[in-house]
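Structural overview for review
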Amino acid sequence: MEFKQNLKMYQDIVNNELEKYLRKEECPEKTLNNSMEYSLMAGGKRLRPILVIATYELFKQDYEKCMAYAMAIEMVHNFSLIHDDLPGIDNDDFRHGKLTNHKKFNEATAILAGDGLLNQAYIVISDEISKTVNDKNRNCTVLQNKVRAFNEFSKAVDRMIAGEYIDTELEGKEISPELLEYIHVNKTGALLKLCVRMGAILALEKSFIKEISKSIFSLLFIKSKSPARWMPHTPP
């Protein structure tokens, strides 16, 4: 029961924080903003931002200082889900029991909503770094680690996209266990690893960062020695 209560607490924290980034103003692109909100607030476990916050809290209690990064990673995750559901990839009609974005709106809007969430993630983090840069009393170590986290964030997103591409190209084909692992390590593992590393980086915990790099994949993936046939791909 305690686990479920803690999970619900973290989910509420994340959902309340995401609300702050919704674009509610009247503007010509209001439908696009509604489309972004539709997917971002559709529900889900919020695993990735929770991992960032929970890792940070292993070392420090002021988790608000990692919140922008946690929100950004959830925006990227939802960008990937919108695009994964598109007719050119999975062609799914439902997600979380609701119509997928392109079914609720249209394909062009869904594509741009995904693009918008991806770009908003970068805006959120760059704004956070800019605040530190403009702070006359800034801590240079804190600034360096924010930039480092941003760098790792960008590289992890790149790997997620690469993994998604390979997934779509090899759907239904027979592949080696090594290539199957490569897909998982990049498509799903890159962001999950980033969540934990980013929480530790922002908490300035160097020793934990080194250890997590060695062990994260053994916790996430099971290796197989026999050839595998890559089945229809799943969301990142």
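Residues numbered from 1 in each chain as written. Predicted model: local features only at pLDDT ≥ 70, side-chain atom pairs only at ≥ 80, totals over all residues. Heavy atoms only, no water.

A few words now on the overall build of the chain. Along the backbone of the chain there are 10 helices and 4 strands. When the elements of the chain are put in sequence order from the N terminus, they spell out α-α-α-α-β-β-α-α-α-β-α-α-α-β. Across the 236 residues that make up the chain, the buried fraction comes to 47%. Here the contacts in the chain between residues at least 6 apart in sequence split such that 75% fall between residues at least 24 apart. For the chain, the exposed area adds up to about 12,800 Å²; of that, 55% sits on carbon and sulfur atoms. (Helix = DSSP H or I, 4+ residues; strand = E, 2+ residues; numbered from the N terminus. Buried < 20%, exposed > 50% of the residue type's maximum accessible area, 1.4 Å probe, protein only. Contact = heavy atoms within 4.5 Å. Areas by Shrake-Rupley, 256 points an atom, 1.4 Å probe, with all protein chains shown as cover.)

Next up on the list: the packing of aromatic side chains. Inspection of every chain in the model, using the stated rule, returns 4 aromatic pairs. A centroid spacing of 6.5 Å and a plane angle of 45° characterise the contact between Phe 150 and Phe 153, whose relative ring orientation is tilted. Separated by 3 residues within a single helix, Phe 150 and Phe 153 lie in helix α7 (residues 140-169), roughly one turn from each other. We note that Phe 150, like Phe 153, is buried. What links up through ring pairs into an aromatic cluster is the set Tyr 122, Phe 150 and Phe 153. (Phe/Tyr/Trp six-rings, centres within 6.5 Å; stacked < 30°, edge-to-face > 60°.)

Turning our eyes to something else, we now look at the nonpolar core. Among the nonpolar cores identified, the biggest contains 48 residues, and Ile 53, Ile 73, Val 76, Phe 153, Leu 191 and Met 198 are the most heavily contacted of them. Of all the elements in the fold, those that place two or more residues in this core are α1 (2-19), α2 (30-40), α3 (47-57), α4 (67-84), α6 (107-134), α7 and α9 (189-202). Among the elements that line this core, the one with the most residues is α4, at 11 residues. In contact with Leu 191, not counting residues within four places along its chain, are Arg 48, Ile 73, Val 76, Ala 156, Val 157 and Met 160. (Core = buried A, V, L, I, M, F, W, Y, C linked by side-chain atoms within 4.5 Å.)

Taken as a whole and judged by the stated rule, the model has 14 salt bridges. Glu 74 serves as the salt-bridge partner of Arg 46, at 2.7 Å between the closest nitrogen and oxygen. Of this pair, Arg 46 sits in the loop between α2 and α3 while Glu 74 is found in helix α4, placing the two residues 28 residues apart along the sequence. Exposure class is identical for Arg 46 and Glu 74. Each is buried. Salt-bridge contacts for Lys 146 lead to Glu 128; the nearest nitrogen and oxygen are separated by 2.9 Å. (Salt bridge = Lys/Arg side-chain N within 4 Å of Asp/Glu carboxyl O.)

Moving on, we get to the packing of α3 against α4. The N-to-C vectors of α3 and α4 enclose an angle of 160°; their axes lie 8 Å apart at closest approach. As judged from the angle between their axes, α3 and α4 are roughly antiparallel. Crossing of α3 over α4 shows right-handed handedness. Of the residues in α4, those touching α3 at Arg 48, Pro 49, Val 52 and Ile 53 are Met 67, Ala 70, Met 71, Ile 73, Glu 74 and His 77. Partitioned by chemical class, the residues of the contact of α3 with α4 number 7 nonpolar, 1 polar and 2 charged. (Axes fitted to C-alpha atoms, helices over the stretch in contact; angles between N-to-C directions. Parallel < 35°, antiparallel > 145°, perpendicular 65-115°, else oblique. Left-handed = near helix turned anticlockwise from the far one by under 90°. Nonpolar A, V, L, I, M, F, W, Y, C, P; charged D, E, K, R; others polar.)

This brings us to the confidence of the model for the chain. Here the chain averages 88 in pLDDT, while 86% of its residues score no lower than 70. When the criterion is pLDDT under 50, residues 220-234 qualifies, and its contacts beyond four places in sequence or with other chains add up to 42 contacts. (pLDDT = per-residue confidence, 0-100.)

This part takes up α4. Helix length check: α4 (18 residues) gives 26 Å between terminal C-alpha atoms against 26 Å at 1.5 Å per residue, within 8%. Burial of α4 is extensive: 18 of the 18 residues sit out of reach of the surface. (Expected span 1.5 Å × (residues − 1).)

Its location among the elements puts Arg 197 in helix α9. Relative accessible area serves as the criterion here: at 9%, Arg 197 is assigned to the buried category. Between the C-alpha atom of Arg 197 and that of Thr 55, which follows or precedes it by 142 residues, the distance is 8.1 Å.

What follows covers unusual backbone geometry. Phi is positive for Asn 91, which is not a glycine, with a value near 55°. Positioned with a positive phi, His 96 is a non-glycine residue whose angle comes to about 55°. Considering the arrangement of structural elements, one finds His 96 in the loop between β1 (94-95) and β2 (98-99). For His 96, a relative accessible area of 44% puts it in the partly exposed group.

Further remarks concern the side chain of Lys 187. Inspection of the secondary structure puts Lys 187 in helix α8 (residues 177-187). One polar contact links Lys 187 to Asp 167, side chain to side chain, over a distance of 2.2 Å. (Polar contact = N/O pair within 3.5 Å; in protein donor to acceptor, adjacent residues only side chain to side chain.)

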